[in-house]
Amino acid sequence: MAEYDIKTDSAYAIRPDEAVDRLKGALLKDIQRSCYVYRVDCGGCNGCEIEIFAAITPIFDAERFGIKVVSSPRHADVLVYTGAVTRSMRVPALRAYHAAPEPKVCVAYGACGCSGGIFHDLYCVWGGADKILPIDLYIPGCPPTPPATIHGFAVALGLLNQKMKASYHLQQDDEHPQLLHPQLPLDLRIQVERAARRMAGYWHGRRIADVFLAMIKNGDPLKLSSTLQEYLAAQGDPRLSEIMHRLEEVYLAWLADH
Amino acid sequence: MTLAALIGVGIVQALLLLLAAPLFSGFARVLRAKIQNRKGPPLLQNYLDLVKLMKRQEVVSEQAGWVFHAAPYVLMSTMLLVALMLPVLAVQSPLGVAGDLILVVYLFALPRFFISLAGVDSGNPFGGIGARRELFVSALVEPVLLLVVFVMALLAGSTNLGTISCKVAVGALPPSMAFWLSMAAFAFAAFVEMGKLPFDLAEAEQELQEGPLAEYSGRSLAVLKWGVYLKQLVLVALFLALFLPFGGMTDLSPAGALLSVIAFLLKAILFYFVAAVLENAMARVRFMKSPAAIWLALGAAVLSFVFYLAHV
Amino acid sequence: MDAILFLLLSLLCYCGAALVALLGGSGRAARQAAGWVSLIASLAGAISAAMAITASSPPTFTLLQLPPFGALALQIDPLSAFFVGLIGLIGVATGIYGMSSPTVGRVVGFFTYSFLASMLLVVTVNNGFFFLLFWELMTLLSYFLVIWKHQDRQTVNTGYLYMLVAHIGAALLLTAFLILYRQTDSFSFRLWHQAWISPGVKSTVFLLIFVGFGAKAGMAPLHFWTPATYSAAPDHVSALMSAVMKKTAIYGLLRFCVDLLGVSAWWWGFVILLFGAASTIVGAFYALTERDIKRLLAYSSVENVGIILIGVGVGMFGLAVQQPILSTLGLLAALYHLLNHAFFKAMLFLSAGQVIIQTGTQNLNRMGGLARRMPWTALTFLIGALAAAAAPPLNGFVSEWFTYQALFAASAVVSFAMRVFAPLVAVSLALAGALALMVYIKTYCSAFAGPARSETSASAQESNTAVLFSLFYLAIGCLVLGLGAPWIAPRIAGVVSQIAHIPAMAVSSGWQVFPVDPNRAVFSPLLTALLLIGLLAMPLLLIALLGGFRAGRRSGVEPWSCGYGYSSRMSLTASSFDQPVKATFQLLYWLRTLLDRPFQVIAEFSRSMVRLILRAEPVVETIVTRPTARLVESAGQWIQALQMGDIRVYCLYIIVTLAILLFAIFGRSGL
Amino acid sequence: MLKLIREVLKVGQATLPYPFAPVELAPGFRGKPEYDPQQCIACAVCTIACPPNALTMHTDLEQGVRTWSLFYGRCIFCARCEEVCPTGAIRLGHDFELASFSREDLTVRAEFRLAACNLCGAYFASAKELEHVLALLDQAGLPPEDAADRKALLRACPECRRKTDLPRVKPLIQEAFNGRV
Amino acid sequence: MLLTEEKPKIGQKYVDALRQQFGWSILEEAWQAPDQVTVTVELNSLPSVVETLYYQHGGWLSVVAGNDERPINGHFALYYVLSVEGNEQTPQHEREKCYLVVRSLIPPRQMEFPAVTPRVPAAIWYEREVRDMFGLQPIGLPDERRLVLPDDWPEGLYPLRKDSMDYRYRPEPTTEDETYEFIDVEGEGIVQVPLGPLHITSDEPGHFRLYVDGEYIVDADYRLFYVHRGMEKLAETRMTYDQVTFLADRICGICGYAHNVAYSTSIERALGIAVPERAQYIRTILLEVERLHSHLLNLGLACHFVGFDTGFMQFFRVREKAMKMAELLTGTRKTYGMNLIGGVRRDILKEERVQTLQWIQELRREVNELVAMLLDTPNIVQRTQDIGRLEPKVARDYSPVGPTLRGSGFARDIRVIHPYCAYDRVPWTLTYKDGCDVLARTLIRADEFFESLSVVERCLDTMPEGPVLTEGFRYKPYAYALGYVEAPRGEDIHWSMLGDNQKLYRWRCRASSYNNWPPLRYMLRGNTISDAPLIVASIDPCYSCTERVTVVDVRKKKAQVVPYKELERYCIEKKDSPIKG
């Protein structure tokens, strides 16, 4: 969608400046133990903003690393851009950029800040902070949790190393996807998994279905009921019992069909 | 002590105050974190901040004139001058030849003039409002401060800082109701002047985004912040010099010097501790209600004056 | 005689300047010529003062003898010399200013220079009758200056108000003088001083004189005419009125109450002290809420007169209780502040005048950003503002410091009233000081700092060289008066000892000044200034040590306004500045509104009364007024610009005053 | 004020030691989607389900290559991909430390080969997907001849399949139309 | 959708009353649910009908949706959604409460409609928005300014028209600086204080222009919708209707789940899906968990804005427990992504249940202590009492919602008026106060917090058995219905209309703050600058959901300029407000 990207020759547009780029390396050393952060909300949903707030509150306390959220971009060392950069926020965001002293670190925060997130190609957003200004660090997440925020700042300041690596996989010849529960008939597996998902959702459902299918697979079908009883007694969870019994019903119905 | 020795002590104490000011503010910052159940920044964080700010680029608004540039320097130099004059380490005023208590009180007005002016000069809308608030509050506090100064001066028979301090230190002023009330009123006035919550009206972060500080950046901000820290410590030192000048040197001796430094640090820590507890346990005063609180201090000051008249 | 010669020279030159201005046409050349002549006059005045102050006996010169009233003699004793010097020093500034300021045209020039001459006469004449005569002349001339620039109804009303107050004051003075005349059978100051007068009479005379001069000095609560008057007058006239004319009232107070009568009761000083304190408070509060720059400065003058009166009060109290230290301190503080105020207020008015010329408005809300357009004017205004706000170590602070010391000394004396009130007055002084700080920050901010709030303000031009010269002259005066205190204070103390007839006391040694007793307090303005400047090195050193100078600076960015586009309407306005004070001290402002009304009514009433008189007495008009008017009219076509009605009224005033005077005297001798 | 001080003293320091010690996460925490390219069959279900288009797929029919890509910078961690993935190739793990200096480091790409139609030779589906479907057919336990039939059909592209199937379907369609009309 | 005849139709009497009063102007009625009816009225009687419902039958304006129905029936359509609750004359037990949607069609050649705003002020923003998004001119609307679209958006391009543009089309900016015209307040020396879009206290962008005389706020104007991203268009284009739940989560980072539920229920109602009981309970639990952390956030921020940072930190410390609870129950702290059309994606098993119950105990105890501490803190009451008053009359005119409304003495909560999920099955009590000030609103939040704890507890204890998800329902083209939820900030309401391609035809989501913004101006007037952030925070605004502040006093039909002297007097005396009435 290149044709829809911003082309504006704005008075606020950022021109490349090599001198500033060179200074950035020195900056990191200076701000490693004292870092003033200014938040620039470019049209986020509030999730990111509140998580940044949460990162400075007692449980996570970013201030112990000398990180402080300041109220004026003039004081800022790091500008944190959240939100998908709406049209109305483009100029204010750039004003904040120009208002901050050079050099500075610009962080794109959250899915929207990194790329526009779920809004990435909409008419009223520009799709991420890096569309309008140079970004030094991306902190993905929707929203990034406070620990993720702290980790992100630590990476930005060079205190921790980046964990992410680009990966590119090329299909190999010996690559074969494994079948799930290959010993069980397909329709039984699918029926049980569906029932489990309907009863407990995709996440619990899969785990429960796996346990159940393992019981079928490993045990004697006739003894299933007692194995199940033992298992459920050990778990002591009435809801789990209900779900398992429903799966048992599905299994019994399947057995009856075959 | 000889004049030369006194001047030496003055220089030492001014440097001490200058260098220790960020430490004390850092201490307040750590206490603040502790009251919020946080781990908080390292004790020396303020130094790191200042050093960092020094190395940052300075961004200046197009509206700003030279007053804006001058203000931080005026603040620091004026506060250093006061630091030279206060009896901090010695019971005498090291630079008593320059002026007396009235001069000290008026010296606080000089940076206020410049900082407020700078707030407006920067063109920043909040800078102006901050300037207005700062001046309004100080207009209310000034009479309190002066009345207390007068009562103390009358008790001691001199407006000379060293004289008052000496007399209090050697117990020549019998502790009276007038003295205690003056102390309370002065402590309150100093607290307000320090710009601590609930009276940080000019720099109210949530209301005014740090007011006059908002437009500053880089080394100017560093000097300004340092100046503000120094001003706070100087106010504490002034309070201690007037009311609790115990432990100060009378002669120049290594032991005395060490003792006086330790005594001062302990007293200042105590003041900062109490101030930190108070400032973190309260909401900011609603600006238009701040006079009511200050009338109270004025009341205390007037009462101390009445007690002085009645020799109580 | 040398001093007298210079004085006469000065007078002549002022008259000459007036004539040059009047007859020289409206061109630049005439303006400059008049300015130069007046400059010579002022310098001559200053020299005369300098000579007289060191003279062993007061030089005197008798001009003529007018038997029933005594001799018209000029005498320059130290007190007179002090004021002659003041007029000369300020005259220098207005002279230079007048050379280039378009406001000082033909008529205004004429009146200005005659006004200066009249003031010289007021402070040097040593005869009650002539004092009053010149006093009236001074009032009349200043009245013409007030109504000259604007001829709208408001200004004319203002003129009436001014005249009314001045004449009520004059009437009181007249009464006092007549009482003294009855006691001594003479108008001669010397006789008044020597004669024995009963304390009761003295006190009556004191009260009359105090109120009479108080009104002229703009003391609260008789200050109400000042803002309107100063606001209406041309800027250099406001400067003269505030810096000098007001001070002649203080001169009168000192001359009559301290020098001639001698203080006979402790409450004289006490009353003055209280009125002084009230003036400081009222002046400061009202100045704060003004948005008209000249009204603001006028109210500030009220405050400063209050400070002067506090000094006078303490001094007189000291005389009454025979505490020469107290008297020395009080009167020293008063005279010193009087001098300081003249300097900084003249400068403030003159630079305000420049601002008004450039922006075309007196409304602070519509100025702004002038510091970038008029940097030098801004600098001088800033120095004036700092001095006026009593920022150490400028001159305003030095005299306030003396005032505080005087009050401190007063609170230590035995009198209970003083022990209670002196510290409270000090508190009011502190409050006024803090408010004054606010006033001047507000003024500087609204006019010079921040963004321009009007188009004229955005296109303002720097003042011309001559004006700047006069501004810098005054600014340097402020610095010298501040830093040179250890050398200037003893001179003033000498004057004090002469006025109060007490032995001279040391108030300074070396670099320090002190309140007679150096153990009580010392203050060294020069040392303070040097240290303040020297200590500026400390932050610079810190920056250098921490590598701060390597980081660059980027300027020219928009002020940060929360990410929104900046607009000049976001910057603080003058009205917005003082609102918290206004809201907190509502009562005070409510009082003003309440009191303003009757005064307006009185002014309106007197105006209609005058009309009535005029209509009822056409005879007087045909016989006296019209010929006088015609005479003045014939002085040039310029006179037509004046409203005829006004001239008639004020000629009438003079005539009525003189008639009463003559009647009183001859009526008595006839008996 | 006293209540506050009491509360403060009671609670003590609440700050977690992270990053010096790991944080405790809920077992069902939705962290970074972990992708197992071995298990992926490039069936595109996830890319269709993904609400923010963090998962995209590009099919190059000329080269016979399908590129699957995941951009963490756009991911909203909703786990729809996990929910719909038929082979469990993508699961949301507990990793949340995703900060990265470049967009590139936030991308995972995998390139898969396409299967060619055994009738016309055109590329039509991911080879792994085809293989997986065939394996499922085995697992479904269909009768052998039926299974072979289907397998043969599956190896053809949809176009060819339709053509092959036409004779069988035609009468059914006609019947349906007749019924209507 | 079709309803069998036996089901009672709640609200029939209002429709009958309308028919009686307006006769032939009432063209059609259609029932979407037993308590949802859409009445099509003749365009010219639209204002009268809405006014009648609003002021005579106790109606509250919930949302106005514009719709480009030209592909369906050749017209533009307007839907004025009112929650009609019976007027005060009706006895309490006889008050029927239903959603009555007034629909009008606008022929495309006309492109204008009579504005309702002059009769019902609450419609002001909605009609401005309709003008922005569809180019339909409200005739008689006093405010000509844009509301939603940014300043740099070209004239004449209306994003929500079906034929106007691709959803990805990004026109070049037309301007580099703001062109929005703020109201001009007369008065010597009035300073305009800008707050935002980047202000430390607003964690989201929005621009407030305070007109201050010294410290006092004489008037306020605002420009919001900095967060307008165009998600309604997105939902109608790129996404399928079942993906929109994940978009609805991201309307707001705090109360996203409420939107999610509102959206899901609107679709479920339109399609006639019976959501399993257990899913209803789980939704209720999560809605209340969301309220927990949202209210703690607001309490914390209220402390923060008055400079009581310790309180802020303490509330946030405790709030982490609510966040952990959310993480445990949903797998994420904020944007839960828990709903599918037809149910929820995760069940609550024993472990989660036990842990949650334990945290609830802890939260109850700790928050109890913190609230006591807060009220005990000197000057907190002084800072909040009589600050930011929302007079009941203003509230009635502007239809604010949630604690903002309940603080002004109205006992109005969607959970009671139009129960959904499990709210009619677990006992709980409604809180309202008549302080009309910040204190009242804050205390309501504190009370609601504890009530939410109880609701979660009771739901966990009484959760029914059964599945959590319904599958296998049929997609019905062009069905439409309302979904509504009482979010922490008030009623969220979604009006969804399905298309014919597994997508939505039109989605109108209205967040609670949208209705709370217009009366804010009245709350700000007469207070001081110190109070402004607090007052704004007291409506607990959510900029992103509203995506949008400039209010014009519609009763006076133009930007009302109160004489400055009057305001000055009012600021000082605090009585006889010149703005009232």
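Structure shown above.
Every residue gets a number counted from 1 within its own chain, in the order that chain's sequence is written. The naming scheme follows written order: chains are lettered A onward, ligands numbered 1 onward. Reporting of local features is limited, given that this is a predicted model, to residues whose pLDDT is at least 70; pairs of side-chain atoms are given and counted only at 80 or more, and all residues count toward the totals for whole chains, interfaces and linings. With hydrogens and water set aside, each side-chain value is computed from the structure's full complement of heavy atoms.

Colleague: Could you clarify how one ought to interpret the interface of chain C and chain B in this entry?
Modeller: Many structure descriptions define interface size as the accessible area lost when the parts assemble. The contact criterion used is simple: two residues touch if any of their non-hydrogen atoms lie within 4.5 Å. Every contact between the two is made by 83 residues of chain C and, on the other side, 81 residues of chain B. Considering only the surface of chain C that becomes buried against chain B, F408, L546 and R553 of chain C emerge as the three largest contributors, covering 9% of it. The salt bridge criterion pairs a side-chain nitrogen of Lys or Arg with a carboxyl oxygen of Asp or Glu, the two atoms within 4 Å. Connecting chain C to chain B are 1 salt bridge. Here R553 of chain C makes a salt bridge to E58 of chain B, at a shortest N to O gap of 3.4 Å. Identification of polar contacts relies on pairs of N or O atoms within 3.5 Å, with a donor-acceptor requirement for protein atoms, meaning one able to donate a hydrogen and the other able to accept it, and with residues adjacent in sequence counted only if both atoms are side-chain atoms. Our count for the contact surface shared by chain C and chain B stands at 22 residue pairs in polar contact (both at pLDDT 80 or more). Starting at the N terminus, helices and strands are each numbered in turn, a helix being any DSSP run of H or I of at least four residues and a strand any DSSP run of E of at least two. Of all the secondary structure elements, the ones that give two or more residues to the side of chain C that touches chain B are α15 (375-388), α16 (395-411), α17 (416-447), α21 (525-535), α22 (537-545), β5 (553-557) and α23 (574-584) of chain C. Tallying contributions element by element places α17 of chain C first for the side of chain C that touches chain B, with 18 residues. Residues of the side of chain C that touches chain B, tallied by class, amount to 59 nonpolar, 17 polar and 7 charged. Taken together, the 4 bridges between strand β1 (residues 58-61) of chain B and β5 of chain C define a ladder with parallel strand orientation. Looking at the pairing, V59 of chain B lines up with R554 of chain C of β5 of chain C. By buried area we mean how much accessible surface two parts lose on assembly, using a 1.4 Å probe and totalling the loss over both. Polar here means any residue other than Ala, Val, Leu, Ile, Met, Phe, Trp, Tyr, Cys and Pro, which are nonpolar, and Asp, Glu, Lys and Arg, which are charged; Gly is therefore polar. Here a strand pair is declared whenever DSSP counts at least two bridges between the two strands.

Colleague: Mind showing me how you'd approach the sheet that holds strand β13 (residues 480-487) of chain E here?
Modeller: In sheet architecture, strand pairing relies on hydrogen bonds along the backbone and comes in two forms, parallel and antiparallel. Residue and element names in this part refer to chain E. Read from one edge to the other, the open sheet built from 3 strands follows the order β13-β14-β15, with strand pairing classed as antiparallel. The sheet is open, and its two edges are formed by β13 and β15 (504-510), each paired on a single side. Within the sheet, the average angular offset between the axes of one strand and its neighbour, ignoring direction, is 15 degrees. Note: β13 against strand β14 (residues 490-498), 8 bridges, orientation antiparallel. Bridged to V485 within β14 is D492. In this description, a line fitted to the C-alpha atoms serves as the axis of each element, helices being fitted only across the stretch in contact, and the angle between N-to-C directions of two axes falls anywhere from 0 to 180 degrees. Relative to the sheet, helix α7 (residues 256-271) contacts β13, β14 and β15, its axis offset from that of β13 by approximately 150 degrees.

Colleague: What should I look at first to understand the packing of helix α1 (residues 3-35) of chain B against helix α3 (residues 66-85) of chain B in this one?
Modeller: A packed helix pair is summarised by two numbers, namely the angle formed by the two axes and the spacing between the axes. Residues and elements named next belong to chain B. It is the contact of α1 with α3, at a shortest axis distance of 8 Å, that shows an interaxial angle of 130 degrees. As the angle between them shows, α1 and α3 are arranged oblique. Considering how the two elements wind past one another, α1 and α3 form a crossing that is right-handed. Between α1 and α3, the contacting residues are G10, I11, Q13, A14, L17 and L18 on the first element and M76, L80, A83 and L84 on the second. Per-class residue counts for the contact of α1 with α3 are 8 nonpolar, 2 polar and no charged. Comment on the angle field: the value is read as roughly parallel under 35 degrees, roughly antiparallel over 145, roughly perpendicular from 65 to 115, and oblique elsewhere. By the definition used in this description, the sense in which the near helix is turned from the far one sets the handedness, with an anticlockwise turn below a right angle giving left-handed and a clockwise turn giving right-handed.

Colleague: Honestly, the environment of L379 of chain C in this entry has me stumped. Any pointers?
Modeller: Counting through the fold element by element, L379 of chain C comes out in helix α15. On the basis of relative accessibility, which here comes to 23%, the residue L379 of chain C falls in the partly exposed class. The spatial distance from the C-alpha of L379 of chain C to the C-alpha of A475 of chain C is 9.2 Å, given a sequence separation of 96 residues. Each residue touching L379 of chain C, except ones within four places of it in the same chain, is listed here: W66 of chain B together with F472 of chain C. Exposure categories follow from relative accessible area, calculated using a 1.4 Å probe and restricted to protein chains: below 20% of the type maximum is buried, above 50% is exposed, and the middle band is partly exposed.

Colleague: I'm lost on unusual backbone geometry in this one. Help?
Modeller: Glycine aside, a negative phi is what most residues show, and trans is what most peptide bonds show. Here the amide bond leading from C142 of chain A into P143 of chain A is cis, since omega sits at -10 degrees, within 30 degrees of zero. Position of P143 of chain A relative to the elements: it lies in the loop between β5 (137-139) and α5 (146-156). For the bond from Y18 of chain D to P19 of chain D, the omega torsion is 5 degrees, close enough to zero to count as cis. Tracing the sequence through the fold places P19 of chain D in the loop between α1 (2-11) and β1 (33-35). Its identity is not glycine, yet F77 of chain D carries a phi of approximately 60 degrees, on the positive side. Judged by relative accessible area, F77 of chain D falls into the buried class, the value being 9%. Even without glycine at this site, F225 of chain E takes up a positive phi of about 60 degrees.

Colleague: Help me out: how do you make sense of the packing of aromatic side chains in this one?
Modeller: What characterises a pair of aromatic rings is the spacing of the ring centres plus the angle enclosed by the ring planes. Residues and elements named next belong to chain C. Geometry of aromatic contacts follows a simple scheme: Phe, Tyr and Trp rings, the Trp one being its six-membered ring, pair when their centres are within 6.5 Å, and the pair is stacked under 30 degrees between planes, edge-to-face over 60, tilted otherwise. For the structure on display, the rule yields 85 aromatic pairs over all chains. On the basis of an interplanar angle of 10 degrees and a centroid distance of 5.8 Å, the ring pair of F213 and F256 is categorised as stacked. Of this pair, F213 sits in helix α8 (residues 199-217) while F256 sits in helix α10 (residues 235-261), placing them 43 residues apart in sequence. Just as F213 is buried, F256 falls in that class too.

Colleague: Would you explain the sheet that holds strand β3 (residues 59-69) of chain E in this entry?
Modeller: Residue and element names in this part refer to chain E. Judged by pairing direction, the sheet is mixed, and its 5 strands sit side by side in the order β1-β2-β5-β4-β3 without closing on themselves. Looking at the sheet topology across the chains shown, the edges are occupied by β1 (26-33) and β3. The average undirected angle you get between the axes of adjacent strands in this sheet is 20 degrees. In the sheet, β3 pairs with strand β4 (residues 75-84) via 10 bridges, with the strands oriented antiparallel. Looking across to β4, one finds that N67 is bridged to A77. Where helix α1 (residues 12-22) meets the sheet, its contacts fall on β1, β2 (36-41), β4 and β5 (98-106), and the angle it forms with β1 comes to roughly 175 degrees. Each of β1, β2, β3, β4 and β5 is contacted by helix α2 (residues 46-56), which is oriented at about 15 degrees to β4, the strand it contacts most.

Colleague: Before we go on, may I ask you to explain the environment of V107 of chain C in this structure?
Modeller: As for its position among the elements, V107 of chain C is in helix α4 (residues 106-124). When the C-alpha positions of V107 of chain C and G88 of chain C are compared, they lie 22 Å apart, and in sequence the two are 19 residues distant.

Colleague: Help me understand the interface of chain B and chain E, please; the structure alone is not making it clear to me.
Modeller: Between chain B and chain E, the contact holds 27 residues from the first and 33 residues from the second. With both sides pooled, the region where chain B packs onto chain E buries about 2,500 Å², and carbon together with sulfur makes up 53% of that total. Viewed at the interface, chain E and chain B are joined by 3 salt bridges. Across the pair D309 of chain E and R32 of chain B runs a salt bridge, and its minimum N-O distance is 2.8 Å. Connecting chain B to chain E are 7 residue pairs in polar contact (both at pLDDT 80 or more).

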